[in-house]
Amino acid sequence: MHNKSITDLAKSLRAGEFSSVELTQAFLDRIKRYSSLNSYITVTEDLALQEAKAADERIAKGDATLLTGIPIAQKDIFCTQGVKTTCGSKMLDNFIAPYNATVVEKFNQAGAVMLGKLNMDEFAMGSSNETSYYGAVKNPWDLNAIPGGSSGGSAAAVAAGLAVCATGTDTGGSIRQPASHCGITGLKPTYGRVSRYGMIAYASSLDQGGPMAHNAEDAAIMLQIMAGFDERDSTSVDLPVPDYRAELNNSIEGLKIGLPKEFFGEGLNSDVAAVIERAVNECRKLGAHIQEVSMPNLKLAIPAYYVIAPAECSANLSRFDGVRYGYRCANPVDLTDLYTRSRGEGFGKEVKRRILMGTYALSAGYYDAYYIKAQKVRRLISDDFKKALSEVDVIMGPVAPTAAFGIGEKIGNPIEMYLSDIYTIAINLAGLPAMSVPAGIIGGKPVGLQIIGNYFAEDRLLNIAHQYQQVTDWHQQSPKGFE
Amino acid sequence: MSLTTNDVKKIAHLARLGIDESDIESYARDLSGMLDLMTQMSELNTDDVIPMAHPMDQVQRLRPDIVTEQNNREQFQAIAPQVEAGLYLVPKVIE
Amino acid sequence: MEWEAVIGLEIHTQLATKSKIFSGASTAYGAEPNTQACAVDLGLPGVLPVLNQEAVRMAVLFGLAIEAEIAPYSVFARKNYFYPDLPKGYQISQFELPIVGLGHLDIDVDGVKKCIGVTRAHLEEDAGKSLHEDFHGLTGIDLNRAGTPLLEIVSEPDMRSAKEAVAYMRKLHELVRYLGICDGNMQEGSFRCDANVSVRPKGQQAFGTRAEIKNINSFKFVEKAINYEIERQIDLIESGGAVVQETRLYDAVKDQTRSMRSKEEANDYRYFPDPDLLPVVVDEAFKAQVKATMPELPDAKKQRFKEQYGLDDESTTILTSSRPLADYFEIVVKESGSEAKICANWVTGDLLAALNRSGLEIGDSPVSHERLAGLLARISDNTISGKIAKQVFEEMWQGTASADEIIEAKGLKQITDTGAIEAIIDKIIANNPGQVEQYRSGKDKVFGFFVGQVMKEMQGKANPGEVNKMLKDKLK
């Protein structure tokens, strides 16, 4: 049961093969059994069983959606009313959210069953899930390796069969990279496609929530629920949501795929390059045309991102001050002490690093040189993509330069960690949609293929991924011991 | 581009961020490393480029002027560190 | 050494919207602490701002009224600093691209007209309130006010005296109330003034160092604070010192300004465009829509009242001091058919006096314009005299009866029947031969005696005009 897709499970639930309560209990047992993966921060056992019971009633009445009764989990960045929401931080260790994020509301309305809240890099800052206050998450494929980040808990849980699917968020690659490292399918939607209301902000102009699941069809089902205009989010786009499953079975004959030469330079592990080449070849066999494109400003994506994201987050995290909620230091002697100690004790090193960087980039005298400069570079990168996507339909390439590295290997070297974001970060700057799809296994660890599309072309991406998944079975592999 | 420990202390104060004395040097090093990445950007001429604040060319939507929120004080203050008589309490503020 | 003062004012007006600028919580004054602070106002993790259209309309209306440039494209920026009444650790304001650009406001000081420039006006959110009453050594924070829309109006440093500053402040106060965008209630904090004051030797082009005096909340205190500060700065420089750029507070009890904090220590606000909000676009169609709602402005109304109603400056100033009062007056003129001057006298005299005694605003007047018009119509058509009318007005103020009902009930109708008047006059003349003799021999003052006697006999209900005419005739 635990590695089945949403559609299979939905069918079984309707056929009465088992109930949602039984299904949910099975997952809760597995979560306990594999708690050493550390993918969950909070397991909401009683709540889940209550929701499962209600779901069974709905299914019996014939009033169900595909997701009704399906056990899912939420990245702990989404506010869940009445349930602890920590964002992977000591700062929110005591925070019981008083409201639901829009995304959470939508899943609730669809009747999904929430198993719990998933571990993540603190405040979504990290690429390895090692910065979490709740400890590192283990990659089920290799327990000594990182699962990726910041949605590491989400990726690990789905890969290990501890949730049917999960939500993630992606600011610089945080859905795609863990999806790649854990062998699952993840999608970052176009900026503005999914509401950010209730999704704790890291970098407001880059953040997007998205689905992480076993395959493209499941991702499409999840996205159908998540996408849509929300009047509570000014950056939410008011465009109709297409039927994401309608185009899945279209042929990709004649599809034009662009491969940026800058994606395949030095720094890309040769085994990973081979996996990508093979995946692209599968697409060629399905009738797609491959051509080279160029993204001349790609390498500037890293410095631009590491100015813009910290600048925005430095302001977004100012609200954590020990006054109205969250961590407060003991016995503050005055106001300054309240602030500096609550924030000093509540935040981890990586978060502090980025707040300091952002504060510096915005401070008097440096604003033009760093922040404005970075926004200009952002425009150039975005234009590069626009130009490339006028020549081809989608862009493909690797998600990360290597397969999952070891826990502890890069955490001491932040710059090296940042450089590994090279293939994913530019997409967030441009606001384009992109997916990671399982495409191979190297040394027992999965590697994903990245597919990048034009604005609001999620249906096309899902179509391509689905077609690829009809002729390959990487997405059906499970880590040893978690089958 | 190198940041001194004094620079770090000043920035930390602006951000009201407590950092241990023993960590200041490593933060200075990390930030300097990040700033070194920035030199690639500064080398590029971007005089004619318009900064991009948002990926989409959208404009701000306006909402009608109606009261839609009711009093939820009990619920919100249930998670507050220190409240009294409906007020959030903080160390005395001196003007 | 001759000195010149240079003054600029920054005025924060709370816009009279029903809900907050970025959330749907109420802006009503006086609620229990934190009962009007929703998730967005509290800055809970994950919340986002959405802009109130009425705040935009009000800002544009103001901009059009001061003939300013309205930015077709303006941007909200985050102003970053830490203070417990600022929940997000930043205030959403406007920095490089405000919604209203350069405009002007004309003032009149002792008959001298001057044009004061307005540099800009921008939208921002208000912060909460700190209550310093002791909570065992702690301060209490009320966030009801957090998120209330403010329009910050910045003047050019064009004022040269405290008097000019007060005139500008009054003009602005009148304008925002006329436009209906702000109630101007300084006690409740709807209209707050900061003054930037510096001095320089007369003739010098360069500005001196300025000090900012914060949060002065009455016209009187603004004048005193600025005068004190000008003196203080001149004394300081003349005794060899230098003015420090700083923020100062006005102490009304001691009538002095004192230093609050030095601007060197002030925050680096690290302004940057708020990524949760998109640029605000004001197109020609919107501007035209807003312009169509522009009410007649104070200066135009004053001019028209002088021309249309032939009123003097004093009456005009009083009548146009508020839109509701001006409207009340105009309706009374129209509905009563009376001469404008008579209506003006009644409104600025009897009505305002009664309102002031009862501590009421014109909007709460127990005597509506219909009822007053009814009364004035009866004076016009000679049903009652002006003197009797004052009695009737008293009655009307206490109750709800119309002028006609009271006149009927109390039998106050003026007697115009010439036959009846003639009869009484003949009687008085016959009974007072001595006074008749005196009058005919040149003692004009005795005429008043006869008038008085006739009126007394007729219980004041005779038409004075008729009485005078007839008496003059009969006494020839």
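Preceding this paragraph is the structure being described.
Everything numeric here is computed off the predicted structure, so don't read it as measured data.

Caption draft 1: Summary view of the overall build of chain C. Per the secondary structure count, chain C includes 16 helices and 16 strands. Overall, chain C is about 95 × 55 × 55 Å in size when its C-alpha atoms are taken along their principal axes. Buried positions account for 54% of the 476 residues belonging to chain C. Within chain C, contacts between residues separated by at least 24 positions form 69% of all contacts whose residues are at least 6 apart in sequence. For chain C, the accessible area works out to roughly 21,000 Å², and carbon and sulfur atoms hold 50% of it. Computing the positive centroid from 56 side-chain charges and the negative centroid from 71, chain C places the two 4 Å apart.

Caption draft 2: Geometry of the nonpolar core. Counting 262 residues, the largest nonpolar core has A:Phe123, C:Leu9, C:Phe62 and C:Tyr168 as the members making the most contacts within it. Excluding residues within four positions of it along the chain, A:Phe123 makes contact with A:Cys87, A:Ser89, A:Met91, A:Leu92, A:Ile200, A:Tyr202, A:Leu317, A:Phe320, A:Phe347 and A:Val351.

Caption draft 3: Spotlight on the sheet that holds strand 3 (residues 87-91) of chain B. The strand order across the open sheet formed by 4 strands is 2(B)-3(B)-9(C)-8(C), and the pairing between neighbours is antiparallel. Of all the strands in the sheet, the pair left with one neighbour each is strand 2 (83-84) of chain B together with strand 8 (129-135) of chain C. With 2 bridges connecting them, strand 2 of chain B and strand 3 of chain B associate as antiparallel partners. When the sheet's bridge partners are listed, B:Val83 is paired in strand 3 of chain B with B:Tyr88.

Caption draft 4: Looking closely at helix 10 (residues 369-380) of chain C. Residue and element names in this part refer to chain C. If you check helix 10, its first and last C-alpha atoms are 16 Å apart, about what 12 residues at 1.5 Å a residue would give, namely 16 Å. The set of residues buried in helix 10 consists of Arg371, Leu372, Ala373, Leu375, Leu376, Ala377 and Ile379. Summarising the contacts, the buried residues of helix 10 are in contact with helix 8 (323-336), helix 9 (340-358), helix 11 (386-398) and helix 12 (403-410). Phi turns positive one or two residues past the end of helix 10, at Asn382, with a value near 65°.

Caption draft 5: Layout of the interface of chain A and chain B. Opposite the 68 residues of chain A that make contact, chain B presents 49 residues. Here chain A meets chain B over a buried area of about 5,200 Å², counting both sides, of which 70% is carbon and sulfur. On the chain A side of the contact with chain B, A:Leu356, A:Lys376 and A:Arg379 bury the most area, a combined 13% of that side's loss. Put simply, chain A and chain B have 2 salt bridges between them. B:Asp23 is paired through a salt bridge with A:Lys349; the nearest N and O atoms lie 3.8 Å apart. Of all the secondary-structure elements, those providing two or more residues to the side of chain A that touches chain B are helix 9 (301-316), helix 10 (335-346), helix 11 (349-362), helix 12 (367-391), helix 13 (414-419) and helix 14 (425-430) of chain A. Here the side of chain A that touches chain B takes 11 residues from helix 12 of chain A, the largest share from any one element.

Caption draft 6: Fine view of the packing of aromatic side chains. Within the structure shown, the criterion is met by 29 aromatic pairs over all chains. Centroid distance A:Phe263 to A:Tyr423: 5.4 Å. Interplanar angle 75°. Geometry classified as edge-to-face. With A:Phe263 in the loop between strand 7 (256-260) and helix 8 (270-285) and A:Tyr423 in the loop between helix 13 and helix 14, this pair connects stretches of sequence that are 160 residues apart. Taken together, the ring pairs in this structure connect A:Phe95, A:Phe123, A:Phe320, A:Tyr325 and A:Phe347 into an aromatic cluster. The aromatic ring of C:Phe219 is capped on one face by C:Arg170, whose charged end is 4.2 Å from the ring centroid. The ring of C:Phe447 carries the charged tip of C:Lys472 above its face, separated from the ring centre by 5.1 Å.

Caption draft 7: Geometry of helix 2 (residues 53-65) of chain C. Residues and elements named next belong to chain C. The end-to-end C-alpha separation of helix 2 is 18 Å, in line with the 18 Å expected for 13 residues at 1.5 Å each. Most of helix 2 is tucked away: 10 of the 13 residues are buried. Among the residues of helix 2, Ala55, Val56, Met58, Ala59, Val60, Leu61, Phe62, Gly63, Leu64 and Ala65 are the ones counted as buried. With a side-chain oxygen positioned 2.9 Å from the backbone nitrogen of Glu54, the residue opening helix 2 is Asn52. Trailing helix 2 by a residue or two, Glu67 shows a phi angle of about 55°, which is positive.

Caption draft 8: Region of the structure containing the interface of chain A and chain C. Contacts between chain A and chain C engage 37 residues on the former and 30 residues on the latter. Interface area, chain A with chain C, both sides summed: about 2,700 Å², of which 60% is carbon and sulfur. On the chain A side of the interface with chain C, the three residues burying the most area are A:Ser234, A:Arg319 and A:Arg324, jointly 22% of the side's total. Summed over the shared surface of chain A and chain C, the number is 1 salt bridge. Across the salt bridge formed by A:Arg196 and C:Asp276, the nearest N and O atoms sit 2.9 Å from each other.

Caption draft 9: Layout of the pairing of strand 10 (residues 149-155) of chain C. Residue and element names in this part refer to chain C. The buried fraction of strand 10 amounts to 7 of the 7 residues, a majority that puts the element mostly inside the structure. With 5 bridges joining them, strand 1 (residues 3-14) and strand 10 adopt antiparallel strand pairing. Paired with Thr13 across the strands is Leu151, a residue of strand 10. Here 7 bridges tie strand 7 (residues 112-125) to strand 10, and the two strands are oriented antiparallel to one another. Residue pairing in the sheet places Glu125 in a bridge with Pro149 of strand 10.

Caption draft 10: Quick look at the pattern of salt bridges. Enumeration according to the criterion identifies 54 salt bridges over all chains in this entry. Between A:Glu217 and A:Arg245 there is a salt bridge whose closest N-O contact spans 3.1 Å. Of this pair, A:Glu217 sits in helix 7 (residues 216-226) while A:Arg245 sits in the loop between helix 7 and strand 7, and the two are 28 residues apart along the sequence. For A:Arg245, a relative accessible area of 33% gives the class partly exposed. The salt bridge involving A:Arg341 is made with A:Asp337; its shortest N-O contact spans 2.9 Å. Of the two residues, A:Arg341 and A:Asp337 are both situated in helix 10; the distance of 4 residues between them amounts to about one turn of the helix. You can call A:Arg341 partly exposed: its relative accessible area is 25%. Within this structure, A:Arg196, C:Arg78, C:Asp274 and C:Asp276 form a network of salt bridges that share partners.

Caption draft 11: Up close: the pairing of strand 5 (residues 90-93) of chain C. Residue and element names in this part refer to chain C. Judged by which residues are buried, strand 5 turns out to be covered on both faces: Tyr90 and Ile92 on one side and Gln91 and Ser93 on the other are all buried. Here 4 bridges tie strand 4 (residues 77-80) to strand 5, and the two strands are oriented antiparallel to one another. Opposite Arg78, over in strand 5, you have Ile92 as the bridge partner.

Caption draft 12: Structural context of the side chain of A:Asn100. Residues and elements named next belong to chain A. Here Asn100 lies in the loop between strand 2 (71-75) and helix 4 (102-110). Since its relative accessible area comes to 12%, Asn100 is described here as buried. At 2.7 Å, the side chain of Asn100 and the backbone nitrogen of Gln81 are in polar contact. In this structure the side chain of Asn100 is engaged in a polar contact, spanning 3.3 Å, whose partner is the side chain of Glu105. The contact partners of Asn100, leaving out residues within four places of it in the chain, are Cys79, Thr80, Gln81, Glu105 and Asn108.

Caption draft 13: Quick look at the sheet that holds strand 4 of chain C. As summarised here, the arrangement of the 3 strands in space is 5-4-15 (chain C), forming an open sheet in which the pairing is antiparallel. Lying at the two open borders of the sheet, with one neighbouring strand each, are strand 5 and strand 15 (272-273) of chain C.

Caption draft 14: Expanded view of unusual backbone geometry. That bond from A:Gly149 to A:Ser150 is cis: its omega, 5°, falls within 30 degrees of zero. Mapping A:Ser150 onto the fold places it in the loop between strand 3 (113-118) and helix 5 (152-159). Even without glycine at this site, A:Cys87 takes up a positive phi of about 55°. Structurally, A:Cys87 can be placed in the loop between strand 2 and helix 4. A:Cys87 sits in the buried class, given a relative accessible area of 0%. Its identity as a non-glycine residue notwithstanding, C:Asp255 has a phi of 55°, on the positive side. Among the structural elements, C:Asp255 can be located in the loop between strand 13 (246-251) and strand 14 (256-262).

Caption draft 15: Representation of a nonpolar patch on the surface in the model. Residues B:Val59, C:Tyr73, C:Leu97 and C:Val281 make up a contiguous nonpolar surface patch of about 340 Å² in total accessible area. By the secondary structure assignment, C:Leu97 is in the loop between strand 5 and strand 6 (103-109).

Reading the values: rules and limits
Residues numbered from 1 in each chain as written. Chains lettered and ligands numbered in written order. Predicted model: local features only at pLDDT ≥ 70, side-chain atom pairs only at ≥ 80, totals over all residues. Heavy atoms only, no water. Helix = DSSP H or I, 4+ residues; strand = E, 2+ residues; numbered from the N terminus. Buried < 20%, exposed > 50% of the residue type's maximum accessible area, 1.4 Å probe, protein only. Contact = heavy atoms within 4.5 Å. Areas by Shrake-Rupley, 256 points an atom, 1.4 Å probe, with all protein chains shown as cover. Lys, Arg positive; Asp, Glu negative; His and termini not counted. Charge placed at Lys NZ, Arg CZ, Asp CG, Glu CD. Core = buried A, V, L, I, M, F, W, Y, C linked by side-chain atoms within 4.5 Å. Pairing = 2+ DSSP bridges. Expected span 1.5 Å × (residues − 1). Buried area = accessible area lost by both parts, 1.4 Å probe. Salt bridge = Lys/Arg side-chain N within 4 Å of Asp/Glu carboxyl O. Phe/Tyr/Trp six-rings, centres within 6.5 Å; stacked < 30°, edge-to-face > 60°. Lys NZ or Arg CZ within 6 Å of the ring centre and 35° of its normal. Polar contact = N/O pair within 3.5 Å; in protein donor to acceptor, adjacent residues only side chain to side chain. Patch = residues over 30% accessible without salt bridge, like charges linked within 9 Å, V, L, I, M, F, W, Y side chains within 5 Å.

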